[in-house]
Amino acid sequence: MILNFSIFFTLFLSIFTSSANAEATLSVSPTTLKRSGDNVTIQWSDVDSPSDLDWLGIYSPPDSPHDHFIGYKFLNASSTSKSGYGSITLPLTNLRSDYTFRIFRWTQSEIDTNHLDHDQNPLPGTKHLLAESEKVTFGSAVDKAEQIHLAYENKPNRMQVTFVAGDGDERFVRYGETKDLLGNSAAARGIRYDREQMCNAPANSSIGWRDPGWIFHTVLKNLNPAVRNYYQIGSEAKGWSDIYSFISRDMYAQETRAFIFGDMGCATPYKTFIRTQQESKSTVKWILRDIEALGDKPSFISHIGDISYARGYSWVWDEFFAQIEPIASKVPYHVCIGNHEYDFPAQPWKPDWAASTYGNDGGGECGVPYSLKFNMPGNSTELTGTNAPVTRNLYYSYDAGSVHFLSISTETNFLEGGTQYEYIKRDLESVDRNKTPFVVVQGHRPMYTTSNEVRDTTIRQKMLEHLEPLFVKNEVTLAIWGHVHRYERFCPISNNTCGKLWKGSPVHLVVGMGGQDWQSVWAVRPNHPDLPIFPQPEESMYRTGEFGYTRLVANKDKLTVSFVGNHDGEVHDTVEMLATGEVISGSKDDAQSSDTAAAPAPVEVTSGSKDDTESSNVQNVPTSATLVGKSESDGSWFVKAAGLMVMGMVLGFVAGYFTGVKKGSSARNRWIPVKSEEI
């Protein structure tokens, strides 16, 4: 009996000791994905003495050094993490390379306040690896066409198609007006760019660079006007994509429909070295709703600069194109170049007055991904002065219905005497106002804004000096800008003075509210610059810090722009420009009779004039606030560890980081102060 008890006790002790000393395990399921957006579940167990600083690293390619993750999440995202086990489910984007996952222990004493992310929060340490998973692969899907997006071509009976695949083997786009009979075919040409062609870090560093794959481009020709065309991408050897469709441009149409915004960026399901834009998901969601509601009516999208906010971390471009594919594969997706696609220290045009403005906002990309991943109408180029390919898609124009659109670059020379200036001048002077009575100019940095964006003051002065006279002389109807991450509508204006007609005084809109949530405050009073009081100047008819986009609808008689807010998908501001030159601000009372919406979604214009802004029945937008989702955070570790902190700096960093907001989708009714300025 004693012997049996001894054996039992020894066996029990062996099992207990084995369990206590068990190494952490990490597994993933499934291990093969079919396309971008497929979910993978990462499970871990046997994490001894779990901490809120334990974290999961996401790696692609699998042999990346520990500190070269593409993203990370803390294990406490799982409700069971304090018990030493848990799981996290993530959608993965096809980076044309396998993924692995690793879990690490990070301790309070290892927090490095000199190793920070874009939000000035400490990046997690990699000294203590606990476990690593097996590989997750996209298998044969690596070679399938993804990141599909469309654009108009110079000829109205054509459509450009651009996509990415894992190798440079020949691909085709087969297309036709019947889904079951794609009788036409267009060969796609593949190109790529290399790390050596980037201009500086992080784009040309090992931490920011990932293989971008092959970028394919082709043109679908001889399209009948205003009909649905079906298309499919691939080859017999590599397989074929799903079948997509678009409505071809109608060269005879008088109606115009567009969705316009700037500074959207993209969301990622993980934290990374730079801040990503969670609100961009709502922008895409509502635009997709509008496109689907339009049915067989053609439309297009115009994204006015600051496209992905990759800033040298190349996989963010992949995340961006995966996010916009549901809309960009259905309608043309047009772009303007912004500072975060281009600006680099050695850029060829940097006059003394702009030396402090044109910095390294492009993260070393110097326009290369932007130039090769998009194909806009026209053929404008600019030498980079480096090993990088020429910068493309700088300025171009096209007609859509009753509107002539002109896109310009505020990042390259726009002064009188330059190539771009001469192009703008010729283009505006050649518009056939019988065919297109309205002219819309689009560029990234605004000519007018009432934000406290002082860095661009000299640039705005140069734009007023060199470009505004062209706009006034050639009766530009509407100028649309991004860069300032807010929505603002001005009166018909020229020389900083409000007019009554858009003929001679274009209406200006700032539409940089697509998703980026770094916001500058509004301009303060000149005689009291230290007080947080932001009076709205007379020329500013409506302004808000809410995220969203604009709908543009036009015919031969009227052009209407409506601002749609992301918190409810409803119209919150409207302005109408008549062909006679009159400008009519929308109001709540006339919303029902005005054809302002691009889709049959409920329309409620809550404020169409400056006076209406304060009495809107929609939640008012304080001039120093922005709408975000309800914050969620787990700060329990902070309470426990506060006593261990010695340096106040470390305490501040940790508090800001680990109690940071985690945006939710269930609540949309909380206003919080804006973040520090970063345009």
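As the structure is a computational prediction, the values presented were derived from the model and not from experiment.

Novice: Teacher, can you tell me more about the overall build of the protein here?
Specialist: When you go through the protein residue by residue, the secondary structure sums to 11 helices and 34 strands. When each of the 679 residues of the protein is scored for burial, the buried share is 57%. Considering only contacts in the protein between residues 6 or more positions apart, those separated by 24 or more positions represent 72%. If you sum the accessible surface of the protein, you get close to 26,700 Å²; carbon and sulfur atoms cover 50% of it.

Novice: Just checking my understanding: could you explain helix α2 (residues 280-294) for this structure?
Specialist: Between its first and last C-alpha, α2 extends 21 Å over 15 residues, near the 21 Å set by a 1.5 Å rise per residue. Within the sequence span of α2, burial applies to S280, S282, T283, V284, W286, I287, D290, I291 and L294. If you follow the buried residues of α2, they end up packed against β16 (256-261), β17 (300-304), α3 (315-328), β29 (548-554) and β30 (558-565).

Novice: Help me understand the confidence of the model for the protein, please; the structure alone is not making it clear to me.
Specialist: The predicted coordinates ought not to be read in detail in places where the model reports low pLDDT. For the protein, per-residue confidence averages 86 on the pLDDT scale, and residues scoring 70 or more make up 83% of the total. Within the model, the stretch residues 7-21 combines pLDDT values under 50 with zero contacts to residues more than four positions away or in other chains. When the criterion is pLDDT under 50, residues 587-678 qualifies, and its contacts beyond four places in sequence or with other chains add up to 197 contacts.

Novice: What am I meant to see in the state of the cysteines here?
Specialist: Linking two cysteines covalently via their sulfur atoms produces the bond known as a disulfide. Under the defined criterion, the tally for this structure stands at two disulfides. Bridging C199 to C366, the disulfide has an S-S length of 2.1 Å. Of note, the bridge from C199 to C366 carries an S-S torsion of about 90 degrees and is right-handed in sense. Residue C199 is found in the loop between β11 (184-191) and β12 (214-220), and its partner C366 is found in the loop between α4 (339-342) and α5 (368-373); the two are separated by 167 residues along the sequence. By relative accessible area, C199 is classed as partly exposed at 22%.

Novice: Hey, could you run me through the pairing of strand β9 (residues 159-165) in this one?
Specialist: Here is the key point about a regular strand: its side chains alternate between the two faces of the sheet. Most of β9 is tucked away: seven of the seven residues are buried. Burial of the side chains of β9 extends over both faces: M159, V161, F163 and A165 are buried on one face and Q160, T162 and V164 on the other. Where strand β8 (residues 146-152) hands over to β9, the hairpin turn is made up of six residues, counted between the paired strands. Judged from the seven bridges that link them, β9 and β12 form a sheet pairing that is antiparallel. From the neighbouring strand, F163 faces β12, where its bridge partner is F216.

Novice: I'm lost on the packing of aromatic side chains in this one. Help?
Specialist: All chains considered together, the criterion is met by 39 aromatic pairs. Pairing W349 with Y358 gives two aromatic rings, centres 6.0 Å apart and planes at 50 degrees, and the pair type is tilted. Taken as a pair, W349 and Y358 share a single burial class, namely buried. Residues Y398 and F405 carry aromatic rings whose centres are separated by 5.4 Å and whose planes lie at 15 degrees to one another, so their mutual orientation is stacked.

Novice: What exactly am I supposed to notice about the sheet that holds strand β1 (residues 25-29) here?
Specialist: Spatially, β1-β2-β5 is the arrangement adopted by the three strands of the open sheet, whose pairing is antiparallel. Pairing within the sheet leaves two strands with one partner each, and these edge strands are β1 and β5 (86-91). Direction aside, neighbouring strands of the sheet carry axes that sit 20 degrees apart on average. Judged from the six bridges that link them, strand β2 (residues 39-45) and β5 form a sheet pairing that is antiparallel. Along β5, the bridge assignment pairs W44 with G86.

Novice: Teacher, can you tell me more about the pattern of salt bridges here?
Specialist: When their charged atoms lie close together, side chains carrying opposite charge are able to pair. Under the defined criterion, the tally for this structure stands at 28 salt bridges. Notably, a salt bridge pairs R257 with E255, separated by 2.3 Å at the nearest N-O pair. Judged by its relative accessible area of 10%, R257 is buried. Each of the salt bridges in this network shares a partner with another, and the network as a whole consists of D143, D167, D169, R171 and K238.

Novice: Explain unusual backbone geometry to me, please; I cannot follow it from the model alone.
Specialist: Glycine aside, the phi torsion of most residues is negative, and most peptide linkages are trans. Backbone torsion omega between S60 and P61 reads 0 degrees, so that peptide bond is classified as cis. With respect to the secondary-structure elements, P61 resides in the loop between β3 (55-59) and β4 (71-74). Between A201 and the following residue, P202, the backbone shows a cis peptide bond with an omega angle of 0 degrees. Look at Y309: it is not a glycine, yet its phi comes out positive at around 60 degrees. Summarising the element assignment, Y309 is placed in the loop between β17 and α3.

Novice: How should the packing of α2 against α3 be read in this particular structure?
Specialist: A pair of packed helices is characterised by two quantities: the angle between their axes and the separation of those axes. Close contact between α2 and α3 brings their axes to 9 Å; oriented N to C, the two are set at 15 degrees. In terms of orientation, α2 and α3 fall into the roughly parallel class. Every pair of crossing elements has a handedness; the one defined by α2 and α3 is left-handed. Contacts between α2 and α3 involve S280, K281, V284, I287, L288 and I291 on the former and, on the latter, Q323, P326 and I327. Across the contact of α2 with α3, the residue classes break down as six nonpolar, two polar and one charged.

Novice: Would you mind showing me how to read the environment of N200 here?
Specialist: Relative to the helices and strands, N200 is located in the loop between β11 and β12. Spatially, the C-alpha atoms of N200 and P345 are 8.7 Å apart, while their sequence positions differ by 145 residues. Excluding its chain neighbours within four sequence positions, the residues that come into contact with N200 are F344, P345, N360, G363 and G364. There is a polar contact of 2.8 Å between the side chain of N200 and the side chain of N360.

Novice: Even after reading the chapter, I still don't get the sheet that holds β3, so can you show me in this structure?
Specialist: Adjacent strands of a sheet pair through backbone hydrogen bonds, lying either parallel or antiparallel. The strand order across the open sheet formed by four strands is β4-β3-β6-β7, and the pairing between neighbours is antiparallel. Each of the sheet's edge strands pairs with one partner strand only, and the pair in question is β4 and β7 (128-132). Sheet twist, expressed as the mean angle between neighbouring strand axes with direction ignored, is 30 degrees. Summarising the sheet, β3 and β4 pair through four bridges and their orientation is antiparallel. Bridge pairing links I58 to G71 in β4.

What counts and what doesn't
Residues numbered from 1 in each chain as written. Predicted model: local features only at pLDDT ≥ 70, side-chain atom pairs only at ≥ 80, totals over all residues. Heavy atoms only, no water. Helix = DSSP H or I, 4+ residues; strand = E, 2+ residues; numbered from the N terminus. Buried < 20%, exposed > 50% of the residue type's maximum accessible area, 1.4 Å probe, protein only. Contact = heavy atoms within 4.5 Å. Areas by Shrake-Rupley, 256 points an atom, 1.4 Å probe, with all protein chains shown as cover. Expected span 1.5 Å × (residues − 1). pLDDT = per-residue confidence, 0-100. Disulfide = S-S within 2.5 Å. Pairing = 2+ DSSP bridges. Phe/Tyr/Trp six-rings, centres within 6.5 Å; stacked < 30°, edge-to-face > 60°. Axes fitted to C-alpha atoms, helices over the stretch in contact; angles between N-to-C directions. Salt bridge = Lys/Arg side-chain N within 4 Å of Asp/Glu carboxyl O. Parallel < 35°, antiparallel > 145°, perpendicular 65-115°, else oblique. Left-handed = near helix turned anticlockwise from the far one by under 90°. Nonpolar A, V, L, I, M, F, W, Y, C, P; charged D, E, K, R; others polar. Polar contact = N/O pair within 3.5 Å; in protein donor to acceptor, adjacent residues only side chain to side chain.

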